[in-house]
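Here's the letter readout for the chains.
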Amino acid sequence: MSTVQSLSKSPLSGNHWNELASKVLREEDISRSDAVHILESSDEELLDLLAATFRVRRHFFGTTVQLFFLMNAKSGLCPEDCSYCSQSKISEAEIPRYNFLSEPQLLEGARMAAERNSKTYCIVISARGPSERELEAVCRIVPKIKAQFNLNICACLGLLTPQQAQRLAAAGVDKVNHNLNTSRRHYANICSTHTYDERVGTLEACRDAGLALCSGGIIGMGETHEDLVDMAMDLRSMHVESIPVNFLNSIDGTPLQGTSQLNPRDCLRALCMMRFVNPSSELRIAGGREIHLRSMQALGFYAANSIFIGDYLTTKGQLPEEDYSMIRDLGFTLSTGLESGEPPTIAGLTPLEK
Ligand code: SF4
């Protein structure tokens, strides 16, 4: 069911990828067929492709890495049926299920985010959209978090109306996450309770409200290369500032359980394609990083410039110390200004009570 397959073709020369990078650096868009070629390129040319991608990444972001910290503020209670999601109404995954966290719990999460040198604190709820009570709670706590910690706030609350987006912006939310997840064509295969266009509508409402956009996708859900390119191009047309690229963690108890067949080289090619199509967007290696990129995680940083530090919504990430060490070993730096990716003090952190 994997989708990002490596076709055996004769390898293109390093020059080809370099020329493509030069084109992007001249601020010219790459074509759809160029993007598909990246996904279909051979393993033999992977290092050449990565080197060319790194020219683009370095132009916009140098060798910096941004960290994001996720807080699952309401877990496992979603009425939607997204087939990849452990928190959907049709999921039988064994995950924590709890209602909207209290203010002290959300503030404690913000403290952890700041101590881990995350630039952004992502407040996420499992929901079709926020209830009035949840929206109000987010709007109330955001100024408190910002007064105490030097953090950007990204809210991921499901579908939003223009009025809801405006209220979030007025409360000081910087960015809204709402992933396109896959292409418009493939969307109905992964979800029946809302549409791709409803997702686009939320992004447009957020843009109109003056919020920055965080939107990306999940790779490995039975899509074709063309689907991935369609999604990347749609993100480009919306000038999305921040793009999380997830690799399907086919969690037991979800309809997509056991279906993922990605390999690390496919994941790297997908990151390269996303960078070439969206050269100046912050590109994040998101969920599934550890299980799909495995020993090649560090190479992902030649295309992407950010990661989540710590755990994902319902699954564990690797230890923050391992991420700091990977960044330091690459010679890259955290974009918080921390020298040489030196790990911040994280002593005294206590797990959150959920
Ligand atoms: S809307 Fe979000 S939380 Fe709900 S099932 Fe879909 S992905 Fe999961």
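This structure is a prediction, so every number in the text was calculated from the model and none was measured.

Caption draft 1: How the structure looks around unusual backbone geometry. Positive phi values are uncommon outside glycine, yet E27 reaches one of about 65°. You can see E27 is positioned in the loop between α1 (14-25) and α2 (32-40). Looking at E27, the number of C-beta atoms within 10 Å reads 8, which means it is exposed. Phi at R294 is positive, roughly 45°, even though this residue is not glycine. Residue R294 is classed as exposed on the basis of its 11 C-beta neighbours within 10 Å.

Caption draft 2: Region of interest: the confidence of the model for the protein chain. Looking at the protein chain as a whole, its pLDDT mean stands at 91, while 91% of the residues score no less than 70. Counted against residues more than four places away or in other chains, residues 1-8, with its pLDDT under 50, gives 24 contacts.

Caption draft 3: Fine view of the packing of α2 against helix α10 (residues 264-277). For the pair α2 and α10, the least separation of the axes is 8 Å and the interaxial angle reads 160°. Comparing their axes, α10 and α2 come out roughly antiparallel. The handedness of the crossing between α2 and α10 is right-handed. Where α2 abuts α10, its residues A35, I38 and L39 lie against R269, A270, C272, M273, F276 and V277. Here the residues of the contact of α2 with α10 are counted per class, giving 8 nonpolar, no polar and 1 charged.

Reading guide: rules and limits
- Residues numbered from 1 in each chain as written.
- Predicted model: local features only at pLDDT ≥ 70, side-chain atom pairs only at ≥ 80, totals over all residues.
- Helix = DSSP H or I, 4+ residues; strand = E, 2+ residues; numbered from the N terminus.
- Buried ≥ 20, exposed ≤ 12 C-beta atoms within 10 Å, placed from the backbone.
- pLDDT = per-residue confidence, 0-100.
- Contact = placed C-beta atoms within 7 Å.
- Axes fitted to C-alpha atoms, helices over the stretch in contact; angles between N-to-C directions.
- Parallel < 35°, antiparallel > 145°, perpendicular 65-115°, else oblique.
- Left-handed = near helix turned anticlockwise from the far one by under 90°.
- Nonpolar A, V, L, I, M, F, W, Y, C, P; charged D, E, K, R; others polar.

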